[in-house]
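Single-letter residue listing:
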Amino acid sequence: MSHSNSIDKSMAILAPIAEQNGIDTPWDRYEKMLPQCGFGELGVCCRICWKGPCRIDPFGNGPDRGICGATAEVIVARNLIRMQAAGAAAHSEHGRHIALAMKHLGEKGLDAYAIKDEAKLKGVAERLGIEAEGKTTLELAVEVADISLNDFMNQDHHKECTWLSKSLPPVTIERLRKAGVLPHNIDAAVANVMARTHVGCDSDHVNLLLAGIRAAMADYTGMVLATELSDSMFGTPKPVITKANLGVLKEDAVNIALHGHNPLLSEVICDMAMLLNDEAIAAGASAGINVVGICCTGNEVMMRRGVPLATNYLSQDMAILTGAIDGMVVDVQCIMPSIATFGSCFHTEVITTMPDNKITGARHVEFSEKDALDRAREIVRICIDAYRKRDPHRVNIPQQKETAIVGFSTEAIVEALSLVNAEDPLKPLIDAIVSGDIKGVALFAGCNNVKIKQDHAYMTVVKELLARNVLVLATGCGAGAFAKHGMMTQEATEEFAGESLKGVLTAVGTAAGLEGPLPPVMHMGSCVDNSRAVMLASALAKALDKDLSELPVVASAPELMSEKAVAIGSWAVALGFPTHVGIMPQITGAPGVVEVLTKTAKDIFGGYFIPETDPVKAAETLYDAILERRKGLGLSV
Ligand code: NFS
Ligand code: SF4
């Protein structure tokens with residue numbers, strides 16, 4: 001019996017279709033995995049060398065050390081920091097890819113790309129200390145790209161990555177420098193973790209964990225440069241009204257789902273879809289081409305173009321069961337290999353595009369910036385051809401669809417605030433925080449995870465915090481969840497925001513010409529765009545002359561699963577934010593590691609992890625952390 005476990009109603013509609021087609025849903029696959037390995041859940045198994053696998057007996061009746069002598073603390077810490085390093089590698093490969101594309105664009109030109117937001121590029125250049133006078137836009141782009149790429153190349157240990165000090169408040173930088181966790185080179189921080197976790201190397205869990213935090217700070221660095229350069233090339237998001245959930249698919253259109261992460265692919269496919277719209281109509285699709293997004297690349301094009309979001313992480317393969325997706329075009333990260341199986345049961349073309357991310361059973365059309373237009377044309381035509389093979393009898397598009405006001409880049413938020421106070425745009429926000437109309441700020445980020453009902457934890461924590469007048473920012477699949485469930489509408493503000501928060505959102509929304517409040521959850525973008533939330537917090541910290549760790553700002557990843565999310569959570573802690581994780585982390589077999597991450601971290605960084613699987617309790621704990629910060633600042637609680 002195929003089944004689903006989601007508050008997204010479209011999943012219950014689609015699960016029987018999986019059954020009819022003899023394929024397992026993600027939830028079926030999870031069930032087959034149960035019981036999951038207890039040693040793995042505690043983090044106490046080690047496969048780092050071939051003397052192993054070794055595992056520590058958590059009950060004290062069996063081995064208390066690996067064959068090499070590694071303790072549970074060492075094994076757990078090594079496993080964890082390898083996750084942080086992998087997350088940092090993934091995010092910063094994305095950043096590197098963007099920076100290299102910008103460099104090539106500036107030096108030799110690339111047909112498919114441009115600097116769409118010259119003002120942003122100039123702002124970035126100025127922030128990086130580049131003299132703009134007398135330089136063309138493309139020359140500036142090359143210099144910005146070079147400085148960014150140098151964060152992957154610098155070999156001088158005493159010179160930290162440039163993007164760190166260019167994006168974080170000086171006091172925060174100073175604190176992190178003292179803790180020794182500022183990377184001088186993104187790649188080196190990742191390589192260092194791999195080297196020191198090799199068999200027979202670093203065997204002190206605290207020392208290991210600090211290296212993991214340094215890798216996490218490298219993750220942050222890769223992320224911030226990815227966001228800032230992407231905005232320069234593709235435009236800085238502004239508020240836009242769109243829709244979310246599978247009801248955005250159209251029966252009478254060629255539906256192309258863009259899935260993955262990097263706007264270098266998704267932006268060009270969007271452009272090409274517009275150019276080839278008539279070909280789709282000629283193929284019989286009267287509504288032309290309908291591009292929709294999945295996961296973070298979906299968030300990217302949603303923020304910049306208002307492209308509707310079909311779904312978030314856990315339901316990516318389920319989307320194919322609608323029988324209405326003609327092409328699913330993917331690049332890198334968070335792509336379940338199962339989409340190839342699902343695609344093969346339907347007419348759906350699953351197309352991989354990146355040399356380092358292929359899926360057995362999918363079609364591969366290799367994409368590169370140099371031949372982006374030709375490859376995009378080829379890809380869109382494959383999708384149009386697939387539409388011709390679509391079986392109308394197998395089309396089942398769930399009707400679920402919600403309006404979503406998205407596009408809240410830091411710049412867009414500041415611009416909205418400037419309509420309230422043109423001279424000092426941050427003042428209305430600071431005043432609201434000081435007066436207690438806004439108690440604090442919570443950033444929601446991360447994935448979905450089969451271990452809890454899809455989207456349920458997001459919705460529960462957020463409603464609790466909104467009712468307590470906490471301003472909510474969201475990215476990634478968390479933002480996807482909120483968009484799908486109608487939390488990015490003005491009505492949601494009326495329904496869920498506490499009175500004083502509602503007042504502020506209404507004042508700003510009205511000033512911004514929305515004839516009503518801003519939505520209660522502000523979509524800041526993809527996972528790499530968590531840097532936007534840091535930018536906003538840093539602007540507040542600088543205005544107040546405080547460390548990030550003093551602000552009433554918290555982070556929550558209620559449904560996380562990926563190594564990238566682990567890395568994000570870890571830099572959030574380092575920056576000083578109390579950070580909730582709603583899935584029990586695979587560290588509990590090592591009490592020392594748990595102690596460091598949940599308690600000692602607070603002394604070193606101000607931030608700390610809050611592992612809590614009960615979303616209501618998590619919200620209470622996060623709110624208490626906000627009040628504690630308010631007290632620290634001498635503000636009313
Ligand atoms: Ni970020 Fe999670 Fe993936 Fe995006 Fe979604 S799963 S860590 S949110 S798509 S990166
Ligand atoms: Fe076992 Fe040590 Fe090898 Fe890990 S590194 S598998 S604990 S012998």
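Every value quoted in this text rests on a predicted model; they were computed, and no experiment measured them.

## Some words on the site of ligand 1
Residues in close proximity to ligand 1 total 14 residues, the closest being Cys 296, Cys 334, Cys 447, Cys 477 and Cys 527. Sorting the residues of the shell around ligand 1 by element identifies helix 13 (295-305), helix 19 (476-484) and helix 23 (563-575) as the ones contributing at least two each. Across the shell around ligand 1, the residue classes tally to 9 nonpolar, 4 polar and 1 charged. Inspection of the shell around ligand 1 shows a minimum of three residues originating in each of domain 2 (246-394) and domain 3 (405-633).

## Some words on the UniProt feature "binding site: [Ni-4Fe-4S] cluster" (unreviewed entry) in the protein
The positions UniProt marks with the feature "binding site: [Ni-4Fe-4S] cluster" (unreviewed entry) are His 261, Cys 296, Cys 334, Cys 447, Cys 477 and Cys 527. Judged by maximum C-alpha separation, these annotated positions cover 267 residues in sequence but sit close together in space, the widest gap being only 13.3 Å. Looking at where Cys 447 falls in the secondary structure, it is placed in the loop between strand 11 (440-444) and helix 18 (456-467). Here Cys 477 is to be found in helix 19. Residues contacting Cys 477, with those up to four places away along its chain left out, are Cys 295, Asn 299, Asn 312, Tyr 313, Gly 446, Cys 447, Asn 448 and Tyr 458.

## Focus: the coordination of the nickel atom of ligand 1
Of all protein atoms, just one serves as a donor to the nickel atom of ligand 1, and that atom is Cys 527 (SG), at 2.2 Å. If you look at the nickel atom of ligand 1, its 4 donor atoms make angles of 100 to 126 degrees with each other, and the shape they trace is tetrahedral. Assignment of secondary structure puts Cys 527 in the loop between strand 13 (521-525) and helix 22 (530-544).

## With respect to the packing of helix 10 (residues 205-234) against helix 24 (residues 591-605)
Here helix 10 crosses helix 24 at 60 degrees, and the two axes come no closer than 11 Å. Classified by the angle their axes make, helix 10 and helix 24 are oblique. Like other packed secondary-structure pairs, helix 10 and helix 24 cross with a definite hand, here right-handed. Along the contact surface, helix 10 presents His 205, Val 206, Leu 209, Leu 210 and Ile 213, while helix 24 presents Gly 592, Val 593, Val 596 and Phe 605. Tallied by class, the residues present in the contact of helix 10 with helix 24 amount to 7 nonpolar, 2 polar and no charged.

## Brief notes about the domain arrangement of the protein
With domains assigned, the protein is organised as domain 1 (72-234), domain 2 (246-394) and domain 3 (405-633). Distance from the C-alpha centre of domain 1 to the C-alpha centre of domain 3: 23 Å. Listed per partner, the contact involves 40 residues of domain 1 and 37 residues of domain 3. The interface formed by domain 1 and domain 3 contains 3 salt bridges. The partner of Asp 231 in a salt bridge is Arg 532, with the nearest N and O atoms 2.7 Å apart.

## So, the site of ligand 2
Ligand 2 sits among Cys 46, Ile 48, Cys 49, Lys 51, Gly 52, Cys 54, Gly 66, Ile 67, Cys 68, Arg 78 and Val 199. Across the shell around ligand 2, the residue classes break down as 7 nonpolar, 2 polar and 2 charged.

## Observations regarding the pairing of strand 7 (residues 327-330)
By the alternation rule, side chains of strand 7 split into Gly 327 and Val 329 and Met 328 and Val 330, which are all buried. As defined by bridge partners, strand 4 (residues 254-259) adjoins strand 7 across 4 bridges and the pair is classed as parallel. When the sheet's bridge partners are listed, Ile 256 is paired in strand 7 with Gly 327. In the classification by handedness, the crossover that spans strand 7, the intervening helix 14 (residues 338-345) and the parallel strand 8 (residues 349-352) is right-handed.

## Quick look at the layout of surface pockets
In this structure, the largest pocket spans a volume of roughly 1,200 Å³. Of all the secondary-structure elements, those providing two or more residues to the lining of the largest pocket are helix 2 (26-33), helix 3 (38-42), strand 1 (45-46), helix 4 (72-108) and helix 23. Here the lining of the largest pocket takes 5 residues from helix 4, the largest share from any one element. Residues of the lining of the largest pocket, tallied by class, amount to 23 nonpolar, 9 polar and 5 charged.

Conventions adopted
Within any chain, residue numbers begin from 1 and follow the written order of that chain's sequence. The naming scheme follows written order: chains are lettered A onward, ligands numbered 1 onward. In view of the model being predicted, local features appear only for residues whose pLDDT reaches at least 70, and side-chain atom pairs are presented and counted only at 80 or more, with totals across whole chains, interfaces and linings using the full set of residues. The side-chain figures draw on all heavy atoms in the structure; neither hydrogens nor water molecules are used. For each residue, the test is whether any non-hydrogen atom lies within 4 Å of the molecule or strand; if one does, the residue is near. Secondary structure is summarised from DSSP: a helix means a run of H or I of at least four residues, a strand means a run of E of at least two, and numbering begins at the N terminus for each. Nonpolar residues are Ala, Val, Leu, Ile, Met, Phe, Trp, Tyr, Cys and Pro. Charged residues are Asp, Glu, Lys and Arg, and all others, Gly as well, are polar. Marked domain ranges trace back to an automatic or database domain assignment. UniProt positions are given in the numbering used here, feature names are shortened, and annotations may be inferred rather than shown by experiment. In this analysis, two residues are considered to be in contact whenever any of their non-hydrogen atoms come within 4.5 Å of each other. Only N, O and S atoms count as donors, using a 2.8 Å cut-off from the metal and 3.2 Å for Na, K and Ca, and because water is excluded some sites may appear unfinished. Donor angles set the geometry label: tetrahedral for four donors if every angle is between 85 and 135 degrees, square planar for four and octahedral for six if opposite donors exceed 155 degrees and the others are between 65 and 115, irregular for anything else. In this analysis, axes come from line fits to C-alpha atoms, helices being fitted only over the stretch in contact, and the angle between any two N-to-C directions falls in the range 0 to 180 degrees. Should an angle lie under 35 degrees it is considered roughly parallel, over 145 roughly antiparallel, and from 65 to 115 roughly perpendicular; all remaining angles are considered oblique. The hand of a helix crossing depends on one turn: near helix anticlockwise from the far one by less than a right angle means left-handed, and clockwise means right-handed. A pair is scored as a salt bridge if a Lys or Arg side-chain nitrogen falls within 4 Å of a carboxyl oxygen belonging to Asp or Glu. Using a 1.4 Å probe on the protein chains alone, a residue whose accessible area is under 20% of its type maximum counts as buried, one over 50% counts as exposed, and one in between counts as partly exposed. Pairing between strands is defined by DSSP: at least two bridges between the two strands are required. Throughout, right-handed denotes a crossover for which the path from the first strand over the helix to the second runs clockwise when the strands point away from the viewer. Whether a set of points on the 1 Å grid over the protein atoms alone is a cavity depends on a 1.4 Å probe fitting there but being unable to get out, while an open set qualifies as a pocket with protein on both sides within 12 Å along at least five of seven lines; lining residues are those with an atom within 4 Å of a point. Grid points are joined across faces, edges and corners, and a volume is the space filled by probe spheres set on the points.

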